[in-house]
Amino acid sequence: MAALSAQQLERSLADLLRRERELLEAGYVRRSDGAERVREALRRLGAIGSPAGVVARAASELGASADFDLVLVSGIEGGRLCAQTLWLSPE
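It should be emphasised that the depicted structure is a prediction, and the values quoted were computed from it without experimental measurement.

Remarks on the pattern of salt bridges
Reasoning step 1: What the rule picks out here adds up to 7 salt bridges.
Reasoning step 2: Note that Arg19 is salt-bridged to Asp15, the shortest N-O span being 3.0 Å. Of the two residues, Arg19 and Asp15 both sit in helix H1 (residues 6-48), 4 residues apart, roughly one turn of that helix.
Reasoning step 3: On the basis of relative accessibility, which here comes to 27%, the residue Asp15 falls in the partly exposed class.

Observations concerning the confidence of the model for the chain
Reasoning step 1: Overall, the predicted model of the chain reaches an average pLDDT of 89, with 98% of residues at or above 70.
Reasoning step 2: Per-residue pLDDT, averaged within each element of the chain, yields its smallest value for helix H2 (residues 51-66) (88) and its largest for strand E2 (residues 80-88) (94).

Overview of unusual backbone geometry
Peptide bonds are mostly trans, and most non-glycine residues show a negative phi.
Reasoning step 1: Its identity as a non-glycine residue notwithstanding, Asp67 has a phi of 60°, on the positive side.
Reasoning step 2: Within the element layout of this structure, Asp67 appears in the loop between H2 and strand E1 (70-77).
Reasoning step 3: With relative accessibility at 61%, the residue Asp67 sits in the exposed group.

Parameters and conventions
Residues numbered from 1 in each chain as written. Predicted model: local features only at pLDDT ≥ 70, side-chain atom pairs only at ≥ 80, totals over all residues. Heavy atoms only, no water. Salt bridge = Lys/Arg side-chain N within 4 Å of Asp/Glu carboxyl O. Helix = DSSP H or I, 4+ residues; strand = E, 2+ residues; numbered from the N terminus. Buried < 20%, exposed > 50% of the residue type's maximum accessible area, 1.4 Å probe, protein only. pLDDT = per-residue confidence, 0-100.

So this is what it looks like as structure tokens:
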């Protein structure tokens, strides 16, 4: 296997650094977009008003806004943990 020249190594390093920056930027954008989707879901839940309505819609709002596959909302009833709502991703 032939040895790489210093110029080839420098180009490869520059390319790797560029790709690393692109990946970091994509991660920042993804997190920012996710946070905005969650804020919108919280606004929609806040508009419901009743606690029962919030519990009924919380799983679907969280699942859709956070891109989860499954969300289970539980509560305490008679000293026991019980499922209140379950949401499954349609995909």
